[in-house]
Each structure stands twice: as C-alpha cells, then as structure tokens.
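Secondary and tertiary structure notes
Spelled out, the chains give:
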Amino acid sequence: MSRSDVLSLYRTVLRIARSWTAQSALPHDTDTERKYITQEARSLFRQNQQITEPESIKRCIEECEARIEIGLHYRNPYPRPTYLPPMGLATQKGRKLRAQQRLRKQAKPLYLQSHDDT
C-alpha cells in the first residue's frame, strides 16, 4: 500500500464523518458521533503514522476498512465489543493466565486490533 492509498482512506473516513447522521436523528447525537469518528480517525492514524513494515500497514488498512463497513452497516460508529469472559476460552491442564491472555488477544476481531483495553 502506498502513502496515497492511506491518505485516500483517511479522507474517506473524514467524508463519512461530515455526512454522518445518527440513528436517532437527534442533532446532539449526530454531532457527538461525528466528533467521535473524526477524533478516532485522527488518533489512530497518528498513532500508526510511524509504521513502516508493509505487513503492519496492510493490517491497519484492513482494520480501518472493516470498521468503516461495520459502522456504515449498523449505523453505529463505535467499535462492536467482544464478549469473552476472563477465563472463557477452553483451558488445558497446566495453562496459566498468561496463556489465556495470549488466546484472548488472538481471538480479538480484526476491527478491534487497535484497542488494547478490550
């Protein structure tokens, strides 16, 4: 992916934010969601600005495209949560918390890779 592809994706997100209408159609909700989309795009693109590895760039672009599609489909700009209980993945004898955390990280959906707190 080239720099122009990434900038085009960023402009697409900003265009979506400008034309966004909240599902409730209330002006306050629409403004709040527009601000969220713009702030989230700015923070994630700036956070990933220093990435130079092509594979990492590709993963970030795929995440952005997935979040755009999910947001437009559900008319909800916020990331969809995952519902895994803390020790909810299948355990084998002798597995510890660190192994569980690794499995939870692997089970995280593509559109939530940039969120470490979920």
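Data block above holds the structure.
As the structure is a computational prediction, the values presented were derived from the model and not from experiment. (Residues numbered from 1 in each chain as written. Predicted model: local features only at pLDDT ≥ 70, side-chain atom pairs only at ≥ 80, totals over all residues. Heavy atoms only, no water.)

What follows covers the packing of helix α1 (residues 3-19) against helix α2 (residues 27-47). Contact geometry of α1 with α2 gives a least axis separation of 8 Å together with a crossing angle of 165°. When the interaxial angle is binned, α1 and α2 end up roughly antiparallel. Considering the relative orientation of α1 and α2, their crossing is left-handed. On α2, the residues touching V6, L9, Y10, V13, L14, A17, R18 and S19 of α1 are R34, I37, T38, A41, R42 and F45. Its residues placed into classes, the contact of α1 with α2 shows nine nonpolar, two polar and three charged. (Axes fitted to C-alpha atoms, helices over the stretch in contact; angles between N-to-C directions. Helix = DSSP H or I, 4+ residues; strand = E, 2+ residues; numbered from the N terminus. Parallel < 35°, antiparallel > 145°, perpendicular 65-115°, else oblique. Left-handed = near helix turned anticlockwise from the far one by under 90°. Contact = heavy atoms within 4.5 Å. Nonpolar A, V, L, I, M, F, W, Y, C, P; charged D, E, K, R; others polar.)

Relative to the elements of secondary structure, Y36 occurs in helix α2. Separated by 19 residues in the primary sequence, Y36 and A17 place their C-alpha atoms 8.6 Å from one another. The contacts of Y36, once residues within four sequence positions are left out, are R67, P77, Y78 and P79.

Quick look at the pattern of salt bridges now. Counted under the stated rule, the structure contains one salt bridge. Close ionic contact of R67 with E40 constitutes a salt bridge, the shortest N to O distance being 3.2 Å. You can see R67 sitting in helix α3 (residues 54-74) and its partner E40 sitting in helix α2, a full 27 residues away along the chain. We note that R67, like E40, is buried. (Salt bridge = Lys/Arg side-chain N within 4 Å of Asp/Glu carboxyl O. Buried < 20%, exposed > 50% of the residue type's maximum accessible area, 1.4 Å probe, protein only.)

This part covers the packing of α1 against α3. One way to put it is that α1 packs onto α3 with a least axis distance of 11 Å and a crossing angle of 20°. In this view, α1 runs roughly parallel relative to α3, as classed from their interaxial angle. The hand of the α1/α3 crossing is left-handed. On the side of α1, the interface is formed by V6, L9, V13 and I16, while α3 contributes I57, I61, C64, E65, I68 and L72. Across the contact of α1 with α3, the residue classes tally to nine nonpolar, no polar and one charged.

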